[in-house]
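Topology and contacts: notes
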Amino acid sequence: MTYATLPALFISHGSPMMAVDAGQASDAMFRLSNNLPQPNAIVVVSAHWLSDTLEISTAMRPETWHDFSGFPPELYQIRYPAAGSPALAERIIHILDLAGITAHGNALRPRDHGVWAPLRHLYPDANIPVVQISIPTHYSPAQLRDLGRALISLRGQQILLIGSGSITHNLRALSFRDPHAMPEDWAKNFKNWMIQKLGSHSYDEVLNWRNEAPYAKQNHPTDEHLLPLFFTMGAGERFNVVHSSFSMGSLGMDIYRFD
């Protein structure tokens, strides 16, 4: 059987409201999925699963976790019932072991909104198996890049690799009352720096973003929403911007593709 080689995607999943709101980013995801061969499976690294050790979801039917509060009732009714794939999860653990990376199975972890909110727009039929990978709290950007590199062979088996986070993420700076507020200069400068460095393959500077990027602390008071980018950066070589926009003044909604 011949398989297509799929890209690795970095998706800025924004607010949980992305799951129900139509917008430029959700439209871009829908178009993107229609232009790709349908995956045999999807592997997601989400900013919302931080763990002590590297864990792989082995559940056959993970629950949909509404891991937030204070949102409209309709959001809590959403289910994303795509199956898991214990067989793929075990294969990932084996591949990582061969690469010298220790990972453990987790059969209890539900799916957080970093997984199901974007997948509702990419694959709304929920008919493709999904496996989630955690982010160990002690992992550096370089270790996450190496994790992506270790799994790059999955792309050649028509498996879609996704890092779900946000290119900028400072919740205290958001204009919640005006989703269409003009982007802040400090957010634009950070995003433009990241795009320029990724496009020029200046990966050492990207990995050292805390010291190199403009307004790093202002855009990411904590690291977790940028960390999935390094996973996808390791899983592909050729960088392209699929979509770029802002919501609420400083929340970057960018989607990047690594082939």
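Shown above is the structure to which this text applies.
Presented here is an overview of the structure given in this document.

**Remarks on the packing of aromatic side chains**
- Under the definition given, this model contains seven aromatic pairs.
- Ring geometry for Phe239 and Phe258: centres 5.4 Å apart, planes at 50°, overall tilted. Of this pair, Phe239 sits in strand E7 (residues 239–243) while Phe258 sits in strand E10 (residues 255–258), placing them 19 residues apart in sequence. The burial state of Phe239 is the same as that of Phe258; both residues are buried.
- Here the aromatic cluster, defined as three or more aromatic residues joined through ring pairs, consists of Phe10, Phe239, Tyr256 and Phe258.

**Considerations on the nonpolar core**
- Ile92, Leu96, Met194 and Leu198 are the most contacted members of the largest nonpolar core, which totals 47 residues.
- Here this core gets six residues from one element, more than from any other, and that element is helix H3 (residues 86–98).
- Core analysis: the second largest hydrophobic core is formed by 34 residues, Ala19, Phe68, Ile128 and Leu160 among them.

**Let's talk about the packing of helix H5 (residues 141–150) against helix H10 (residues 227–234)**
- Taken N-terminus to C-terminus, the directions of H5 and H10 make an angle of 40°; their axes are 6 Å apart at the nearest point. Comparing the axis directions of H5 and H10 gives the class oblique. Every pair of crossing elements has a handedness; the one defined by H5 and H10 is right-handed. Contact residues: H5 offers Pro141, Leu144, Arg145, Leu147, Gly148 and Arg149, while H10 offers Leu227, Phe230, Phe231, Met233 and Gly234.
- Broken down by class, the residue content of the contact of H5 with H10 amounts to seven nonpolar, two polar and two charged.

**Thoughts on helix H6 (residues 185–199)**
- For H6, with 15 residues, the first-to-last C-alpha span of 21 Å sits near the 21 Å given by 1.5 Å per residue.
- All of the buried residues along H6 are Trp186, Ala187, Phe190, Lys191, Trp193, Met194, Lys197 and Leu198. Projected onto a plane normal to the axis of H6, the buried residues spread over an arc of 155° and lie on a single side.
- Directly beyond the C-terminal end of H6, a positive phi value near 60° is found at His201.

**Examining H10**
- A large share of H10 lies buried, amounting to eight of its eight residues.
- Of all the positions in H10, only Leu227, Pro228, Leu229, Phe230, Phe231, Thr232, Met233 and Gly234 are classed as buried.

**Comments concerning the packing of helix H1 (residues 24–35) against helix H4 (residues 113–122)**
- The contact between H1 and H4 brings their axes to 7 Å, and the two run at 60°. Compared by their axis directions, H1 and H4 come out oblique. For the pair formed by H1 and H4, the contact residues are Ser26, Met29, Phe30 and Ser33 on the first element and Pro118, His121 and Leu122 on the second.

**Concerning the pattern of salt bridges**
- On inspection of all chains with the given rule, the structure shows eight salt bridges.
- A salt bridge links Asp254 to Lys191; its shortest N-O distance comes to 3.6 Å. Here Lys191 lies in helix H6 and Asp254 lies in the loop between strand E9 (251–252) and E10, a separation of 63 residues in the sequence.
- The exposure class assigned to Asp254 is buried, which follows from its relative accessible area of 0%.
- Looking at Lys191, the relative accessible area reads 6%, which means it is buried.
- With its nearest N and O atoms 2.7 Å apart, the salt bridge here joins Arg257 to Asp259.
- Since its relative accessible area comes to 17%, Asp259 is described here as buried.
- Look at the salt bridges and you will find they share partners, linking Arg145, Asp146 and Arg149 into a network.

**Comments concerning the environment of Thr102**
- For Thr102, the location among the structural elements is in the loop between H3 and strand E4 (104–106).
- You can call Thr102 exposed: its relative accessible area is 55%.
- With 48 residues separating them along the chain, Thr102 and Leu54 place their C-alpha atoms 7.0 Å apart.

**Considering the side chain of Asp254**
- Within the local environment of Asp254, its side chain forms a polar contact with the backbone nitrogen of Ser245, the two atoms lying 3.3 Å apart.
- One polar contact links Asp254 to Tyr256, side chain to side chain, over a distance of 2.7 Å.
- Sequence-distant contacts of Asp254, defined by excluding residues within four places in its chain, comprise Phe10, Ile11, Ser12, Ile167, Lys191, Ile195, His243, Ser244 and Ser245.

Calculation criteria
- Residues numbered from 1 in each chain as written.
- Predicted model: local features only at pLDDT ≥ 70, side-chain atom pairs only at ≥ 80, totals over all residues.
- Heavy atoms only, no water.
- Phe/Tyr/Trp six-rings, centres within 6.5 Å; stacked < 30°, edge-to-face > 60°.
- Helix = DSSP H or I, 4+ residues; strand = E, 2+ residues; numbered from the N terminus.
- Buried < 20%, exposed > 50% of the residue type's maximum accessible area, 1.4 Å probe, protein only.
- Core = buried A, V, L, I, M, F, W, Y, C linked by side-chain atoms within 4.5 Å.
- Axes fitted to C-alpha atoms, helices over the stretch in contact; angles between N-to-C directions.
- Parallel < 35°, antiparallel > 145°, perpendicular 65-115°, else oblique.
- Left-handed = near helix turned anticlockwise from the far one by under 90°.
- Contact = heavy atoms within 4.5 Å.
- Nonpolar A, V, L, I, M, F, W, Y, C, P; charged D, E, K, R; others polar.
- Expected span 1.5 Å × (residues − 1).
- Arc of directions from axis to C-beta.
- Salt bridge = Lys/Arg side-chain N within 4 Å of Asp/Glu carboxyl O.
- Polar contact = N/O pair within 3.5 Å; in protein donor to acceptor, adjacent residues only side chain to side chain.

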